[in-house]
Amino acid sequence: MSERTLRARVAQEVAEVIATRRVGAYQHLTLVAPGVAELARPGQFVALAVGGETSGTLLRRSFSIHKVSPSGTYGGTVEIVVSAVGVGTRWIAERAPHDTIDVVGPLGKAFPLPTSPVACVLVGGGYGSAPLFWLASELRERGCHVEMVLGAASEDRLFGVVEARRSCDGVTVTTDDGSAGQRGWVSDPLPEIIDRTGAGVVYGCGPMGMLESITRVAQAHGAVAQVAVEESMACGVGVCMTCVMPVVGSDGRTRMVRSCVEGPVFRGDAVRWDAFDGGHARVPDDAVGAPKVGGH
Amino acid sequence: MSERTLRARVAQEVAEVIATRRVGAYQHLTLVAPGVAELARPGQFVALAVGGETSGTLLRRSFSIHKVSPSGTYGGTVEIVVSAVGVGTRWIAERAPHDTIDVVGPLGKAFPLPTSPVACVLVGGGYGSAPLFWLASELRERGCHVEMVLGAASEDRLFGVVEARRSCDGVTVTTDDGSAGQRGWVSDPLPEIIDRTGAGVVYGCGPMGMLESITRVAQAHGAVAQVAVEESMACGVGVCMTCVMPVVGSDGRTRMVRSCVEGPVFRGDAVRWDAFDGGHARVPDDAVGAPKVGGH
Amino acid sequence: MVDLSVDLPVDLSVDLSVDLGGGRRLPNPLMTASGCAANGKELHRFFDVADLGAFVTKSVMADPRSGRGTPRMAETPSGMLNSIGLQGPGIDAFVDEDLPWLKSVGARVLPSIAGSSSTEYAHVAATLRESRAFDAVVGVEVNISCPNVANRGLVFACDPMASAKVIALVREQLPRDIPVFAKLSPDVTDITAIAAACVKAGADGLTMINTLLGMVIDTDRMRPQLGGVTGGLSGPGIRPVAVRAVWQVRQAMFEGRMPTVPIIGVGGVRTGRDALELVAAGASAIQVGTAVFNDPSAPVRVLRELGELLRAKGFDRFTDAVGVAHGR
Amino acid sequence: MVDLSVDLPVDLSVDLSVDLGGGRRLPNPLMTASGCAANGKELHRFFDVADLGAFVTKSVMADPRSGRGTPRMAETPSGMLNSIGLQGPGIDAFVDEDLPWLKSVGARVLPSIAGSSSTEYAHVAATLRESRAFDAVVGVEVNISCPNVANRGLVFACDPMASAKVIALVREQLPRDIPVFAKLSPDVTDITAIAAACVKAGADGLTMINTLLGMVIDTDRMRPQLGGVTGGLSGPGIRPVAVRAVWQVRQAMFEGRMPTVPIIGVGGVRTGRDALELVAAGASAIQVGTAVFNDPSAPVRVLRELGELLRAKGFDRFTDAVGVAHGR
Ligand SMILES: Cc1cc2nc3c(=O)[nH]c(=O)nc-3n(C[C@H](O)[C@H](O)[C@H](O)COP(=O)(O)OP(=O)(O)OC[C@H]3O[C@@H](n4cnc5c(N)ncnc54)[C@H](O)[C@@H]3O)c2cc1C
Ligand SMILES: Cc1cc2nc3c(=O)[nH]c(=O)nc-3n(C[C@H](O)[C@H](O)[C@H](O)COP(=O)(O)OP(=O)(O)OC[C@H]3O[C@@H](n4cnc5c(N)ncnc54)[C@H](O)[C@@H]3O)c2cc1C
Ligand SMILES: Cc1cc2nc3c(=O)[nH]c(=O)nc-3n(C[C@H](O)[C@H](O)[C@H](O)COP(=O)(O)O)c2cc1C
Ligand SMILES: Cc1cc2nc3c(=O)[nH]c(=O)nc-3n(C[C@H](O)[C@H](O)[C@H](O)COP(=O)(O)O)c2cc1C
Ligand code: FES
Ligand code: FES
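Residues numbered from 1 in each chain as written. Chains lettered and ligands numbered in written order. Predicted model: local features only at pLDDT ≥ 70, side-chain atom pairs only at ≥ 80, totals over all residues. Heavy atoms only, no water.

Focus on the overall build of chain C
Here's step 1: Along its length, chain C carries eight helices and 17 strands.
Here's step 2: Here the C-alpha atoms of chain C give a radius of gyration of 18 Å, agreeing with the 20 Å that 2.2 N^0.38 yields for 328 residues.
Here's step 3: In terms of its C-alpha atoms, chain C occupies a principal-axis envelope of roughly 50 × 45 × 45 Å.
Here's step 4: Looking at chain C residue by residue over its 328 residues, the buried ones come to 69%.
Here's step 5: Look at the contacts in chain C between residues 6 or more apart in sequence, and 71% of them connect residues 24 or more apart.
Here's step 6: Counting every atom, chain C has about 10,000 Å² of accessible surface; 50% of that belongs to carbon and sulfur.
Here's step 7: Computing the positive centroid from 32 side-chain charges and the negative centroid from 34, chain C places the two 4 Å apart. (Helix = DSSP H or I, 4+ residues; strand = E, 2+ residues; numbered from the N terminus. Rg over C-alpha atoms; globule rule 2.2 N^0.38 Å. Buried < 20%, exposed > 50% of the residue type's maximum accessible area, 1.4 Å probe, protein only. Contact = heavy atoms within 4.5 Å. Areas by Shrake-Rupley, 256 points an atom, 1.4 Å probe, with all protein chains shown as cover. Lys, Arg positive; Asp, Glu negative; His and termini not counted. Charge placed at Lys NZ, Arg CZ, Asp CG, Glu CD.)

Here we look at the UniProt feature "binding site: FMN" (unreviewed entry) in chain C
Residues and elements named next belong to chain C.
Here's step 1: Mapped onto the present numbering, the UniProt feature "binding site: FMN" (unreviewed entry) falls on Ser-34, Lys-58, Ser-59, Asn-143, Lys-183, Ile-209, Gly-235, Gly-267, Gly-268, Gly-289 and Thr-290.
Here's step 2: Take Ser-59: it is sitting in the loop between strand E4 (55-56) and strand E5 (73-76).
Here's step 3: Relative accessible area serves as the criterion here: at 3%, Ser-59 is assigned to the buried category.
Here's step 4: If we skip the residues at most four places from it in the chain, Ser-59 touches Ser-34, Leu-86, Ser-112, Ala-114 and Asn-143.
Here's step 5: Examined against the element boundaries, Gly-267 turns out to sit in the loop between strand E16 (263-266) and helix H6 (272-281). (UniProt positions renumbered as here; feature names shortened; annotations may be inferred.)

Description of a negative patch on the surface
Residue and element names in this part refer to chain A.
Here's step 1: Taken together, the side chains of Glu-155, Asp-156, Asp-176 and Asp-177 present a region of like negative charge at the surface.
Here's step 2: Mapped onto the elements, Asp-156 comes out in the loop between strand E9 (146-152) and helix H5 (161-167).
Here's step 3: The class for Asp-156 is partly exposed, based on a relative accessible area of 39%. (Patch = residues over 30% accessible without salt bridge, like charges linked within 9 Å, V, L, I, M, F, W, Y side chains within 5 Å. Salt bridge = Lys/Arg side-chain N within 4 Å of Asp/Glu carboxyl O.)

A few points about the interface of chain A and chain D
Here's step 1: Across the contact, 44 residues belong to chain A and 45 residues belong to chain D.
Here's step 2: Surface buried jointly by chain A and chain D totals about 3,700 Å² across both partners, of which 54% is contributed by carbon and sulfur atoms.
Here's step 3: For the interface between chain A and chain D, the tally reads two salt bridges.
Here's step 4: Inspection of the region where chain A meets chain D yields 17 residue pairs in polar contact (both at pLDDT 80 or more).
Here's step 5: Among the elements of the structure, helix H1 (3-7), strand E1 (11-23), strand E15 (254-258) and strand E18 (280-281) of chain A are those that each provide at least two residues to the side of chain A that touches chain D.
Here's step 6: A per-element tally of the side of chain A that touches chain D places H1 of chain A first, with four residues. (Buried area = accessible area lost by both parts, 1.4 Å probe. Polar contact = N/O pair within 3.5 Å; in protein donor to acceptor, adjacent residues only side chain to side chain.)

Focus: the site of ligand 1
Here's step 1: Among the 22 residues in the neighbourhood of ligand 1, the closest are listed as Ser-62, Val-81, Ser-83, Gly-88 and Thr-89 of chain A.
Here's step 2: In this structure, ligand 1 sits where chains A and D come together, each supplying nearby residues.
Here's step 3: In the environment of ligand 1, a nitrogen atom lies 2.7 Å from a nitrogen or oxygen atom belonging to the backbone of Val-81 of chain A.
Here's step 4: Taking Glu-230 of chain A, its side chain carries an N or O atom lying 2.9 Å from a nitrogen atom of ligand 1.
Here's step 5: Burial of ligand 1 by the protein chains amounts to 82% of its free accessible area of 820 Å².
Here's step 6: Broken down by element, the residue count for the shell around ligand 1 peaks at four residues, all from strand E4 (residues 61-64) of chain A. (Near = heavy atom within 4 Å.)

Focus on the confidence of the model for chain A
Here's step 1: Looking at chain A, the pLDDT average stands at 93 and 96% of residues meet or exceed 70.
Here's step 2: Residue range residues 1-7 of chain A is modelled with pLDDT below 50. Its contacts to residues more than four positions away, or to other chains, number 15 contacts. (pLDDT = per-residue confidence, 0-100.)

Some points on helix H4 (residues 191-200) of chain C
Residue and element names in this part refer to chain C.
Here's step 1: Burial analysis of H4 places seven of its 10 residues in the buried class, which makes it a mostly covered element.
Here's step 2: Burial in H4 covers these residues: Ile-191, Thr-192, Ile-194, Ala-195, Ala-197, Cys-198 and Val-199.
Here's step 3: For H4, the elements touching its buried residues are helix H3 (160-173), strand E10 (180-184), strand E11 (205-208) and helix H5 (239-254).
Here's step 4: A positive backbone phi angle near 120 degrees is found at Gly-202, which sits one or two residues after H4.

Focus: the site of ligand 2
Here's step 1: Neighbouring ligand 2 are 22 residues, the closest being Ser-62, Val-81, Ser-83, Gly-88 and Thr-89 of chain B.
Here's step 2: One chain alone does not account for the residues near ligand 2; they come from chains B and C.
Here's step 3: Here Ser-62 of chain B contributes a backbone N or O atom positioned 2.7 Å from an oxygen atom of ligand 2.
Here's step 4: Contacts to ligand 2 include Glu-230 of chain B, whose side-chain N or O atom sits 2.9 Å from a nitrogen atom.
Here's step 5: Mapped by element, the contributors of at least two residues to the shell around ligand 2 are strand E4 (61-64), strand E6 (77-82) and helix H3 (87-93) of chain B together with E5 of chain C.
Here's step 6: Among the elements that line the shell around ligand 2, the one with the most residues is E4 of chain B, at four residues.
Here's step 7: Counted by class, the shell around ligand 2 contains 11 nonpolar, seven polar and four charged residues. (Nonpolar A, V, L, I, M, F, W, Y, C, P; charged D, E, K, R; others polar.)

Side note on the pairing of strand E3 (residues 45-48) of chain A
All names here are of chain A.
Here's step 1: Side chains Phe-45 and Ala-47 of E3 all project onto a buried face; the interleaved residues Val-46 and Leu-48 project onto the opposite face, where all are buried too.
Here's step 2: Where E3 meets strand E7 (residues 100-107), three bridges bridge the pair, whose relative direction is antiparallel. What sits directly across from Ala-47, in E7, is Val-104.
Here's step 3: As defined by bridge partners, E3 adjoins E4 across four bridges and the pair is classed as antiparallel. In the strand pairing of E4, Val-46 is matched with Phe-63. (Pairing = 2+ DSSP bridges.)

A word on the pairing of strand E15 (residues 231-234) of chain C
For a regular strand, side-chain orientation follows a simple rule: the groups alternate between the two sheet faces.
All names here are of chain C.
Here's step 1: For strand E6 (residues 79-82) and E15, the ladder comprises three bridges, and the chain directions are antiparallel. When the sheet's bridge partners are listed, Asn-82 is paired in E15 with Gly-232.
Here's step 2: In this sheet, E15 lies alongside strand E12 (residues 212-214) in antiparallel orientation, the contact comprising three bridges. For Leu-213, the partnering residue across the bridge sits in E15 and is Gly-232.

Side note on the packing of aromatic side chains
All names here are of chain A.
Here's step 1: Enumeration over the complete set of coordinates arrives at 12 aromatic pairs over all chains.
Here's step 2: Note on Phe-111 and Tyr-203: the rings are 5.4 Å apart at their centroids and 85 degrees apart in plane angle, and the pair reads as edge-to-face. One end of the pair, Phe-111, is in the loop between E7 and strand E8 (120-125); the other, Tyr-203, is in strand E12 (residues 201-205), and 92 residues separate them in sequence. Here Phe-111 matches Tyr-203 in class, with each residue buried.
Here's step 3: Feature note: the residues Tyr-26, Tyr-127, Phe-133 and Phe-159 constitute an aromatic cluster, connected by ring pairs.
Here's step 4: Over the ring of Trp-91 we find Arg-95, and its NZ or CZ is 3.9 Å from the ring centre. (Phe/Tyr/Trp six-rings, centres within 6.5 Å; stacked < 30°, edge-to-face > 60°. Lys NZ or Arg CZ within 6 Å of the ring centre and 35° of its normal.)

So, the nonpolar core
Here's step 1: Ranked by internal contacts, the top residues of the largest apolar core, which has 278 residues, are Leu-206 of chain C together with Ile-144 and Leu-206 of chain D.
Here's step 2: Leaving out residues up to four positions away in the same chain, Ile-144 of chain D has contacts with Tyr-121, Val-155, Phe-156, Ala-157, Ser-163, Val-166, Ile-167, Ala-182, Lys-183, Leu-184 and Cys-198 of chain D.
Here's step 3: Listed in part, the 30 residues of the second largest apolar core include Val-81, Leu-122, Leu-139 and Val-146 of chain B. (Core = buried A, V, L, I, M, F, W, Y, C linked by side-chain atoms within 4.5 Å.)

Quick notes on the sheet that holds strand E17 (residues 285-288) of chain C
Strands pair in a sheet through their backbones, by hydrogen bonds, and they do so in one of two ways: parallel or antiparallel.
All names here are of chain C.
Here's step 1: Pairing in this open sheet of seven strands is parallel, and the strands run E3-E17-E16-E11-E10-E9-E8 from one edge to the other. The outermost strands of the open sheet, each flanked by one partner alone, are strand E3 (30-32) and strand E8 (112-113).
Here's step 2: The sheet contact formed by strand E9 (residues 140-143) and E10 spans four bridges and is parallel. Along E10, the bridge assignment pairs Asn-143 with Lys-183.
Here's step 3: Together, E10 and E11 form the strand contacts of H4, whose direction differs from that of E10 by roughly 160 degrees. (Axes fitted to C-alpha atoms, helices over the stretch in contact; angles between N-to-C directions.)

Re the sheet that holds strand E15 (residues 231-234) of chain D
Here's step 1: Taken together, four strands build an open sheet; the order of strands is E5-E6-E15-E12 (chain D) and the sheet is antiparallel. In the strand order of this sheet, the two ends are held by strand E5 (73-76) and strand E12 (212-214) of chain D, each with one partner. Strand-to-strand twist in this sheet, taken as the mean axis angle between neighbours without regard to direction, amounts to 35 degrees.
Here's step 2: Packing of H5 of chain C onto the sheet brings it into contact with E5, strand E6 (79-82), E12 and E15 of chain D, and relative to E12 of chain D it is tilted by some 65 degrees.

Description of the UniProt feature "binding site: substrate" (unreviewed entry) in chain C
Here's step 1: The UniProt record annotates "binding site: substrate" (unreviewed entry) at Lys-58, Asn-82, Ser-83, Ile-84, Gly-85, Leu-86, Asn-143, Asn-210 and Thr-211 of chain C.
Here's step 2: When neighbours within four sequence positions are excluded, Ile-84 of chain C is seen to be in contact with Cys-240, Met-241 and Thr-242 of chain B together with Lys-58, Gly-67, Arg-68 and Arg-72 of chain C.
Here's step 3: Looking at where Asn-210 of chain C falls in the secondary structure, it is placed in the loop between E11 and E12.
Here's step 4: Asn-210 of chain C gets classed as buried once you look at its relative accessible area, which sits at 13%.

Side note on unusual backbone geometry
Here's step 1: In this chain, Thr-70 of chain C is followed by Pro-71 of chain C through a cis amide linkage whose omega measures 0 degrees.
Here's step 2: When you line up the elements, Pro-71 of chain C lands in the loop between E4 and E5.
Here's step 3: For the bond from Met-208 of chain C to Ile-209 of chain C, the omega torsion is 10 degrees, close enough to zero to count as cis.
Here's step 4: Non-glycine residue Met-241 of chain B carries a positive phi angle of around 65 degrees.
Here's step 5: Phi angles above zero are rare outside glycine, and Ser-78 of chain C is one such case at about 55 degrees.
Here's step 6: Among the structural elements, Ser-78 of chain C can be located in the loop between E5 and E6.
Here's step 7: Relative accessible area serves as the criterion here: at 2%, Ser-78 of chain C is assigned to the buried category.

Put into structure tokens, the structure is as follows:
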């Protein structure tokens with residue numbers, strides 16, 4: 001891991017919720033967090049504490065940063081998009097304006113930006129699209145042609161279709177049930193888009209299975225995939241070693257690397273997709289320090 | 001314990017907070033809890049769950065019932081007066097209108113009412129006065145002459161002085177620092193009041209030390225003390241045996257009895273005050289089943 | 001009594017019944033935990049105690065006991081510490097009053113017995129056997145987590161020999177069709193060794209786990225918060241220890257390292273999901289303890305939730321879910 | 001780095017320094033817990049790691065280790081379960097990179113070492129001793145809660161003999177002025193026996209406690225949630241077990257059943273009040289582990305809160321509060 005990443009600055013602040021609204025199946029929150037807002041880059045995330053003084057829920061929950069406004073009426077704000085799936089996300093989604101939440105961020109590595117104005121395709125599954133609009137703007141500022149593919153199980157689980165049309169040069173929508181856009185997966189239209197635009201980079205954010213297929217399609221069509229993963233994290237700041245996954249390093253060797261500090265964005269072709277299986281990730285036998293017979 | 005008490009009905013309901021306001025050092029909450037309201041009698045208490053889904057605070061907190069309105073715009077309501085001293089009481093005191101709290105009650109035995117219209121003195125220390133106004137009304141309905149003594153460390157910790165003047169035939173106020181009423185303790189004016197009114201019963205609610213001195217004064221002046229105690233309770237419903245204290249039974253023998261079901265109201269002269277010391281209560285050597293040498 | 005009939009019975013499409021030995025089938029696997037439900041009357045105000053698979057009573061000893069002084073409890077994160085000191089009426093009052101009352105409301109009873117010597121356990125068991133309401137008894141739970149007066153006050157359950165002796169003596173006192181459950185402490189280096197010793201001595205089943213030995217300091221007074229200095233830690237915070245204990249002992253049975261007997265799981269169960277964890281680890285019945293202090297109707301709520309979960313997962317019979325997490 | 005200087009230093013009217021042996025005085029008793037703070041760089045973004053009494057590094061073994069597959073954690077009520085499998089760079093990389101970095105920022109370091117055989121422990125200790133940044137080391141913590149490959153995978157800390165052998169070998173490798181701390185597991189029948197065996201074998205101090213063995217079942221998949229099946233339970237939920245362990249061992253020292261050595265308390269500390277509990281029970285230093293995942297600056301916050309509490313209670317010196325709850 002580079003010295004730079006580790007020494008990257010990070011803020012911890014008690015953020016006031018200044019807006020919260022329902023967007024389809026999600027809750028979109030705006031938090032006053034000037035320290036985070038000032039430092040963040042697209043692809044980074046924040047980790048939020050759950051519950052108040054009586055909380056038995058100790059671990060923070062991670063959310064991609066959807067948008068930052070480094071200054072404004074309230075000071076800098078950070079926006080996130082929350083899918084309420086369990087006790088922590090429910091608590092966060094229920095916060096009302098003026099409630100406070102303890103925020104740590106920005107965390108992790110941002111999406112790397114191309115140094116020349118290549119075409120890019122941004123693929124988001126469900127709330128996975130949240131960090132992509134900001135990325136799209138930055139790419140277009142650099143002169144990149146940007147297209148977006150948004151996919152979800154059904155229309156209510158799509159996020160940001162309108163915003164996508166505003167911030168990109170082309171938008172394709174897929175849903176599993178055909179309730180919006182074309183029926184199918186994001187990987188279906190992807191080959192055509194890469195080929196047509198001559199895209200050099202495909203950025204992806206969404207479930208693991210989707211990231212794997214994006215990587216495969218990108219590779220097959222001559223593009224580099226940059227994917228933001230979502231592993232279970234206890235600390236989010238690099239100290240607990242729970243969020244690891246097998247990734248091939250520049251020396252060609254596989255290591256169990258921390259997705260919170262060396263990710264969440266990885267080159268798709270560096271991820272050992274073969275080791276993932278139903279929510280588990282094995283340690284590949286050829287990984288550095290892999291257990292010998294008997295295991296550890 | 002009598003069969004009647006145990007079979008007394010009790011409700012468990014998710015109560016909406018419909019009003020909450022600051023009263024001196026306390027928070028006065030009104031909860032919609034028709035089941036509790038219908039059954040409650042003065043001296044009984046409610047046990048409230050703390051925190052929501054994320055709560056690591058498992059045990060309920062107990063509060064004397066200040067007032068009930070068995071029916072009204074919202075259905076029956078129950079009022080309590082909360083002194084925020086720790087994590088649980090802080091959480092409860094912070095609830096806003098429309099928030100909900102899980103309530104179990106009414107619990108414990110009520111103040112026994114005299115069968116003839118004797119004069120009574122009601123003594124409340126701090127928020128301990130909360131259940132006494134309701135008691136005062138019931139006593140006056142039965143033709144009793146009712147006087148009240150309210151005491152606290154300072155003026156802001158007195159509760160219900162105005163209400164007392166409305167519901168009683170005489171009110172005396174004491175504060176430790178003299179910030180309201182006469183400087184001193186509730187036990188100072190008590191002898192004179194008992195003697196003047198010829199009171200047959202002194203009802204007390206407040207800290208243990210106060211209840212002990214009320215008992216002593218009442219005994220010395222020919223009155224019976226009925227005191228509502230406040231022991232640390234894990235369950236409030238009689239199943240855990242944590243809230244016990246040494247009390248002399250009708251057979252003259254001391255037992256460790258549960259203050260949540262056999263109390264919280266006890267005859268003052270039945271309580272083994274000699275066993276209490278700085279928040280601890282010893283098992284008196286003559287108690288039924290007291291440990292032999294070596295202890296259990 | 002609060003009318004719970006709208007919420008009950010649990011969905012009938014799942015067969016919740018379970019046989020814990022003695023040839024009696026319990027209608028469902030939910031029980032109270034000893035010491036967390038008194039002897040029935042109190043909770044009967046909240047739900048019908050006969051709706052439970054069995055009602056487990058507070059551990060009873062030979063003589064009346066006052067228990068310890070107070071404070072007897074301290075709240076801890078997601079749990080509590082207690083030191084009651086086995087306050088109780090003694091076995092004679094228990095068989096004269098508590099057991100007949102439980103029988104009168106139709107409850108199936110799993111009395112918990114205790115002693116400070118193995119002969120005291122045997123005496124309590126014998127008194128129980130002779131009692132007029134004994135036909136309400138579906139099994140006896142032996143709480144071997146009491147200090148053994150003969151052995152420097154160490155609890156029986158910390159020593160395989162001492163545990164075995166108690167179990168053997170109790171087993172002798174009771175008819176063969178009354179299963180005996182040894183209730184184990186987690187505070188041991190190897191719980192499978194104690195479990196195996198108890199089964200070898202005649203235990204027909206095991207209850208796991210009792211509380212963990214813990215302590216809280218009152219930082220205002222800078223002294224132990226409990227009158228009894230140390231106490232027993234219980235509640236959701238310890239559930240992972242209970243799941244592990246049940247798993248380890250069930251694993252030992254699967255591997256043939258000890259005979260297979262039913263396990264009653266207890267420790268930190270607050271919801272149907274929590275109960276299912278213990279079941280999947282190998283428990284054939286579930287006790288709800290500390291959660292009752294949070295929600296007096298927790299045992300029947302957990303039963304309902306467990307039934308719903310099993311149905312949602314496609315189980316036809318509760319017993320099919322017992323131990324399924326092994327070998328997955 | 002976030003500027004914490006407004007909050008620090010702790011009130012100077014309390015002398016927080018403490019001597020844990022080896023003649024070095026630490027400026028204060030607060031430490032990270034092994035495995036909950038990596039090797040320093042990550043937390044240095046939140047506070048100056050040199051502000052701590054000592055920085056305890058992740059247990060390091062001889063060779064690089066990948067650790068276990070995932071999931072490696074499960075959240076539990078007021079705690080968590082982990083099964084990392086001692087992932088790490090190996091001792092050579094540790095002494096080449098991590099230790100020099102910690103030295104460069106002025107941290108006092110308490111490296112934690114591990115092994116799957118006693119000779120591996122000794123090798124790791126020897127490599128440490130030879131390292132160029134060894135002068136940053138103020139002591140060595142020996143994590144004896146690893147599975148002992150020679151002994152059916154049972155952890156060293158469950159057996160007094162195995163523990164003693166490791167400690168004796170490690171002690172031999174290190175200069176006398178480097179105190180050796182044995183880190184004990186609570187998963188034993190009698191922790192005072194293990195503690196005494198370690199001290200007899202040469203441990204200059206004890207760290208208590210490591211995690212409790214626990215398990216969580218994923219009820220969606222009906223299988224163990226962790227890749228490693230069982231894991232270590234930590235966090236506020238287990239604090240009463242840590243307080244009890246420290247109390248029992250300190251009590252054994254007071255009663256002369258073993259020599260008096262400093263105890264480092266760890267387990268569930270989240271606030272200054274929590275730290276004070278362990279101190280009053282007998283701990284001369286405090287480590288903050290899982291609470292760091294909730295609040296990355298927890299160790300310095302706890303230090304500040306502890307200092308404020310001690311002052312409010314009228315203590316002039318931290319060391320005067322150590323063990324005060326005994327005999328009250
Ligand atoms: C880098 C990153 C970015 C994310 N961005 C978003 C986002 O923008 N919007 C959004 O809705 N969600 C996002 N997630 C997922 C979100 O963090 C989880 O849904 C959330 O932690 C679940 O918590 P819970 O208490 O609701 O669920 P529970 O299932 O009760 O959580 C139990 C434990 O498992 C962990 N956990 C469960 N699911 C996940 C998951 N999918 N990823 C990581 N940890 C998990 C929790 O953190 C917690 O420790 C992101 C996760 C990561 C790692
Ligand atoms: C019958 C009865 C009636 C009461 N009536 C009132 C009332 O009308 N208004 C009011 O403000 N308070 C009342 N109390 C006291 C109130 O229950 C406690 O202040 C409250 O439980 C403290 O909880 P906490 O989380 O804020 O404090 P913490 O100190 O954090 O509580 C920790 C634990 O100790 C217990 N505990 C602490 N202090 C007390 C106490 N004084 N009594 C019982 N348990 C305690 C708590 O229940 C909890 O389990 C009453 C108590 C009893 C038993
Ligand atoms: C207040 C209290 C009293 C208890 N008394 C007994 C007892 O008398 N006999 C016994 O075997 N277990 C007793 N226990 C232990 C419980 O039965 C149970 O094993 C333990 O609390 C773990 O389950 P839980 O987390 O669901 O409470 C008691 C527990 C508590 C909290
Ligand atoms: C994720 C994680 C990793 C840990 N790794 C180690 C380790 O490598 N060596 C060790 O001695 N203890 C390790 N521990 C145990 C802690 O150092 C500590 O003893 C335990 O977690 C109890 O303290 P806590 O409740 O403050 O976390 C680890 C704990 C956690 C949660
Ligand atoms: S989440 Fe802790 S190291 Fe990544
Ligand atoms: S509080 Fe549980 S018995 Fe009284």
